[in-house]
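Residue-level listing of the chains:
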Amino acid sequence: MSGKIRNRLGLVAFGALVLVFNLGPILWGILGSLRPRDEIMRYPPQPVPSSLSLEHYRTIAEGGFLSAAQASLIYAVVTVVVSLIAGSIAAYALDRIRFVGRSVVMFLVLAGIPLASGAAALIVPTYLYMVRLGLNDTIFVLPLVYIAYNLPTAVWVLRGALGGVSRELDEAAAIDGAGRLRTLFEILLPLCKPALGAAALFCFVGAWNEFVAGSVLVDNPDLRPIQVSIYQNMGYFGRDWGPLLASATLAIFPIIIAFLIFGRLLISGLTKGAVKG
Amino acid sequence: MNTNTTLRGLMAAVALCALTPLALHAQQTTIRMWTFLNPEGSTVREKVLGKVIADFEASHPGIRVRTEQQVWDQMTQKFMAASGAGNAPDVIWVNSDLLGTVMQTGALADISAAFTPEDLADLDNPLVQAATEGGKVYGVGQSYMIFGLIARKRFLDEAGVDPATIRTWDDLDAAAQKLTKGSGAAVERWGLCQDLGMTKIDPGILLAHLLTGDEGDPAFGETGRANWANERGVAGIRRVAALIDSGASPREGLNWTNDEMYDQFSAGRCAIITGASVRIGSLQQSTGDDDIAFIPYPSDDPEGPSRQAISNWTTSVWTGSKNPEAAAQLVAFMTRPEADEIWVTEGGTLPARASTAEKLADFLNQPSNRHMLSAANYIRSSGWVPPFGADISGYRDDMDRAIQQVVMNGADPMQALKEAEQAYNTRHGY
Amino acid sequence: MTIRAYLTGGLRRNGHGLLYVAPTVLLLVLLLYGPAVSGFYQSLFRLGGAEAGAFVGLDVYRTVMTEPGFGQVVTSTALFVLGSVICTVALGFAIALYINGLDEVSARILQIWVIIPWAISSVVGALLFRWFYMSDLGLFREMLRWIGLPAVDPMSSGTGAMIALILSAVWKKLGFAVILLLSGLKAIPQDYYEAARIDGAGALQRFREITVPLLMGPLLISSVVLGIADLNTVELPLIVTGGGPLDSTTTVALSIYQKAFSQYDLQRAITLAIITFVVNIILVTLYVRSVRGQHK
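Residues numbered from 1 in each chain as written. Chains lettered and ligands numbered in written order. Predicted model: local features only at pLDDT ≥ 70, side-chain atom pairs only at ≥ 80, totals over all residues. Heavy atoms only, no water.

A. How the structure looks around the interface of chain B and chain C. With 29 residues of chain B at the contact, the number on the chain C side is 27 residues. Summed over both partners, the interface of chain B with chain C comes to about 2500 Å²; 58% of that surface belongs to carbon and sulfur atoms. Per-residue buried area on chain B facing chain C is highest for Thr199, Asn255 and Arg427 of chain B; these three make up 22% of the total on that side. Viewed at the interface, chain C and chain B are joined by four salt bridges. On inspection of chain B and its partner chain C, the count reaches 10 residue pairs in polar contact (both at pLDDT 80 or more). Of all the secondary structure elements, the ones that give two or more residues to the side of chain B that touches chain C are helix H1 (2–15), helix H3 (72–84), helix H11 (258–266) and helix H18 (395–409) of chain B. Per-element accounting of the side of chain B that touches chain C gives the leading share, six residues, to H18 of chain B. (Contact = heavy atoms within 4.5 Å. Buried area = accessible area lost by both parts, 1.4 Å probe. Salt bridge = Lys/Arg side-chain N within 4 Å of Asp/Glu carboxyl O. Polar contact = N/O pair within 3.5 Å; in protein donor to acceptor, adjacent residues only side chain to side chain. Helix = DSSP H or I, 4+ residues; strand = E, 2+ residues; numbered from the N terminus.)

Okay, structure coming up:
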């Protein structure tokens, strides 16, 4: 018995350690956002602030942070919606239809994942390319780029999930006279809700956190995304830690909300899909 | 062209759904300006820029200014790319470190017509000269700065160090030792902190040594070719290494960025740092202490300080601008005497005009502003700008690599400098 | 079935297939591959300088790959990617097993908890990691002092810096690995374990003979996905170690950044980015092969 208790205690300690390792820096940052400016950097560091205030939050609210957050929210939602629609149709074709060029398309999708992950390194060619297309500094450019960055992952997750749905359902639907798209949207996708949730989460986080394209491809202040707005606190005149931490703290909340909404689906979505390869 | 239109239409159709187009209002001449400041922002300099732009629009009813804030460390490169693609803004702030490179691409227009000869004489300094060629003026300066020593007066007073007596390198060594509190792992405060990391660093003691007394043997040749492996360089590296070895300067500094060093200064960990004069305003805020002194780099000669790099943001007009006159007017307006004055008094920047410095002598002499006066004087007496059109990009990283070789690996200073010089020259094709 | 019916069926099938993938293909080709191809094309010509526009072909590729220090960058990158992938997957696996044994509510809370570092932006995450764990202005080194441990500066040696950099990557991506592996664990049918238990297999044996083999797929996938992410991350080396001391933690991604934004050498930056992309593609291809091989 005592061995079992010791095991149990060991497990709890392990869990606690991981959690502290995980959240330490973030809680420290959030605490910093509430400190007076001249107390954020202190030696020795003070775990307990002398006073808490929302002054940095007021500062960023006056400096255009909220409009950047709003722009990013729109970008992220558009990215999620378009990626899920285009992605599930493509995933369906890749999983269910044997057409010419399927393996080429599959390669384009798979190779797109690392390409999107390393896209920041090619930002200058991307900028010149967008200028040539006339898309630079338009309201479309960031949603389009974010869709392109996140679509490969969405297709990958959704294809895995559709692969786990029995084909007998398709046949039954075909006998009932349903077309392919109707079968997909009315029968198959409702069964893939978890995978849709997982894909939505990846797309949302990807679009919300993107920085490099956001800093280069738009000039108009109204189009600026949230990460650029946060980064502007690390300016030529130095890091302005108060507003920097305050805006970074606020930027976490939509992500947490997205996790609360879709998080339940995340594990089972991936279980049915992506992790099977 | 036709395919482009089709493409554009197609792409719009794919993603447009939730977005409403922006209302366009463009009956007037609109001047686009790229800067790293947000005129709607909350810092003192941003407020000044907002004010100057509002004044400009009030006095030029036909012209609107649209400021497109950029990320400061990407802005100049982005401008060059945009200029090549025909999409640059009318007015641009060019980081003076890249001024030569930008001018060589022919992206900057002559704006001399917007200035009177008196104006130009008043604005004159080595950086404006660097932007001037054969009577053509390709830009004037904003936000001047020079690298030097930044010190908390409170700590100096506690240790009985008078900043005015730091005239020679030996004085600096002695002061740094005196200002250091505690030692080893228990050090509470270092006398002199240096940022000697690999990326995002300011030039410091080594550059001061290399530039001082280099007549006839310049540290950077006409093209920007490096010439560092000499006695001055060795003395500089030895000085840096000795400060670290004695414990007066932190070993951790070998991986600090400049921001890291400023944070340590804010935390009271450093009595003096090797920093940029332009940062003092925000350091006053982050330390909650207005009494911060700016001290020129000492030299071997008690009569005068070391030479040191200066830089600014050169404001200019893009050659491709459709409204070059209006754009040049804006550039001139931002440096006219009235604007220069509020840049100094409200924005805490150094005066761009000699007349402003004279007029505001009393203001600059106030205790909390005295650092501005010292920096402005240092720029005038010992400021160094690279030779016209020279490309010296990346030299700071190479110099710090040499320092790290010596301090961490015990390399021979001359050998380390040779390697750094060679790496730099090879990369530039010099 | 007549040949004719077969043909129309095939046509229709091809038509539908192509039509369905068209939006995705169009978006990817135009917005993801287009810029990359145009970047490759640009890298073949001299960018900027006196002879701007001159054709240089693959010359710059040779220069970049024979530069002094290139070997060191490749080694550091390999160390960093391998080290962080192995640590992240191992620790992630342990945590996934742990969470898998919890009741549903605590499991869900923990999932969200562990994934938060992954969900915040890389720049902010890296800044916070460096401040909290590595700086003497952060809480971690102060806590070590409280309990009387010497506060070592990880950056005082190349090895220490590499360990710090790897830990920062583990910290940032741990939650992501946990989620992927937990999904894999949930996919293993419970009756396998039941059957094994009836056959008298112990816990360790069940783990070795059911969990590990059935989790090979998810383990492989997480490794590849994490490896790609680590290979391409610039924020972590830039902010956590700055590449130092003495280039010991300069990865390829950071090297590209330094070329573009510190040395202002766009040509070499783009060239190196293209090389990195090719390496990425090779990794993905290997991965696809190995997944296929597994399914056989």
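B. Just the packing of helix H4 (residues 102–117) of chain A against helix H6 (residues 141–163) of chain A, in detail. Residues and elements named next belong to chain A. Two elements in contact, H4 and H6, have axes separated by 8 Å at closest approach and are oriented at 130 degrees. Taken together, the axis directions place H4 and H6 in an arrangement best described as oblique. By crossing handedness, the relation of H4 to H6 is classed as left-handed. Along its contact with H4, which presents Met106, Val109, Leu110, Gly112, Ile113 and Ala116, the element H6 presents Tyr149, Pro152, Thr153, Val155, Trp156 and Arg159. Within the contact of H4 with H6, the residues separate by chemical class into nine nonpolar, two polar and one charged. (Axes fitted to C-alpha atoms, helices over the stretch in contact; angles between N-to-C directions. Parallel < 35°, antiparallel > 145°, perpendicular 65-115°, else oblique. Left-handed = near helix turned anticlockwise from the far one by under 90°. Nonpolar A, V, L, I, M, F, W, Y, C, P; charged D, E, K, R; others polar.)

C. Focus on the environment of Ile275 of chain C. Along the chain, the position of Ile275 of chain C falls in helix H13 (residues 266–295). Sequence spacing of Ile275 of chain C and Asp103 of chain C is 172 residues, and the spatial spacing of their C-alpha atoms is 47 Å.

D. Focus on the pairing of strand S9 (residues 292–295) of chain B. Residues and elements named next belong to chain B. The alternating pattern of S9 places Ile292 and Phe294 and Ala293 and Ile295 on opposite faces, both of which are buried. With four bridges joining them, strand S6 (residues 140–152) and S9 adopt antiparallel strand pairing. Bridging from a neighbouring strand, Ile150 pairs with Phe294 of S9. (Buried < 20%, exposed > 50% of the residue type's maximum accessible area, 1.4 Å probe, protein only. Pairing = 2+ DSSP bridges.)

E. Structural detail: the nonpolar core. If you look at the biggest cluster of nonpolar residues, it comprises 343 residues, and the most contacted ones within it are Phe259 of chain A together with Trp93, Phe220 and Trp228 of chain B. Here this core gets 17 residues from one element, more than from any other, and that element is helix H7 (residues 158–186) of chain C. Looking at which domains feed residues into this core, each of domain 1 (28–144 + 311–384) and domain 2 (146–309 + 388–428) of chain B supplies at least three. Setting aside residues up to four positions removed in sequence, Phe220 of chain B forms contacts with Leu207, Arg225, Trp228, Trp384, Pro387, Ile392, Tyr395, Met399 and Tyr424 of chain B. (Core = buried A, V, L, I, M, F, W, Y, C linked by side-chain atoms within 4.5 Å. Domains from an automatic or database assignment.)

F. Representation of the pattern of salt bridges in the model. All chains considered together, the criterion is met by 44 salt bridges over all chains. Across the pair Glu346 of chain B and Lys51 of chain B runs a salt bridge whose closest N-O atoms are separated by 2.7 Å. Here the residue Glu346 of chain B occupies a position in the loop between helix H14 (337–345) and helix H15 (354–359), and Lys51 of chain B occupies one in helix H2 (residues 44–59), the gap between them amounting to 295 residues. Given a relative accessible area of 36%, Lys51 of chain B falls into the partly exposed group. A salt bridge links Arg401 of chain B to Asp247 of chain C, with the shortest nitrogen-to-oxygen separation between them at 2.7 Å. You can see Arg401 of chain B sitting in helix H18 and its partner Asp247 of chain C sitting in the loop between helix H11 (235–241) and helix H12 (252–261), one on each of two chains. The class of Asp247 of chain C is buried, set by a relative accessible area of 17%.

G. Structural detail: the state of the cysteines. Applying the stated rule across the entire model yields one disulfide over all chains. Disulfide pairing is shown between Cys193 of chain B and Cys270 of chain B; the S-S distance is 2.1 Å. Residues Cys193 of chain B and Cys270 of chain B are joined through a disulfide that is left-handed, its torsion about the S-S bond being -90 degrees. Remark: Cys270 of chain B occurs in strand S8 (residues 270–276) and Cys193 of chain B occurs in strand S7 (residues 190–193); sequence separation between them is 77 residues. Of the two residues, Cys193 of chain B and Cys270 of chain B, neither departs from the other in class, the shared state being buried. Among the cysteines around Cys192 of chain A, which has no disulfide bond, Cys203 of chain A carries the closest sulfur, lying 15 Å off. (Disulfide = S-S within 2.5 Å.)

H. Main features of the domain arrangement of chain B. Residue and element names in this part refer to chain B. Assigned domains within chain B: domain 1 (28–144 + 311–384) and domain 2 (146–309 + 388–428). Using only C-alpha atoms to locate each centre, domain 1 and domain 2 end up separated by 28 Å. On the domain 2 side, the residues contacting the 23 residues of domain 1 number 27 residues. When domain 1 packs against domain 2, close to 2000 Å² is buried across both sides, 58% of that on carbon and sulfur atoms. Counting across the domain 1 and domain 2 interface gives two salt bridges. At the junction of domain 1 and domain 2, the tally comes to seven residue pairs in polar contact (both at pLDDT 80 or more). Going through the elements one at a time, helix H4 (99–104), strand S4 (132–133), helix H17 (370–382) and strand S11 (383–384) are the ones with two or more residues in the side of domain 1 that touches domain 2.

I. Structural view of helix H12 (residues 280–287) of chain B. Those residues of H12 of chain B lying buried are Ile280, Leu283, Gln284, Ser286 and Thr287 of chain B. Looking one or two residues beyond H12 of chain B, the residue adopting positive phi is Gly288 of chain B, at roughly 70 degrees.

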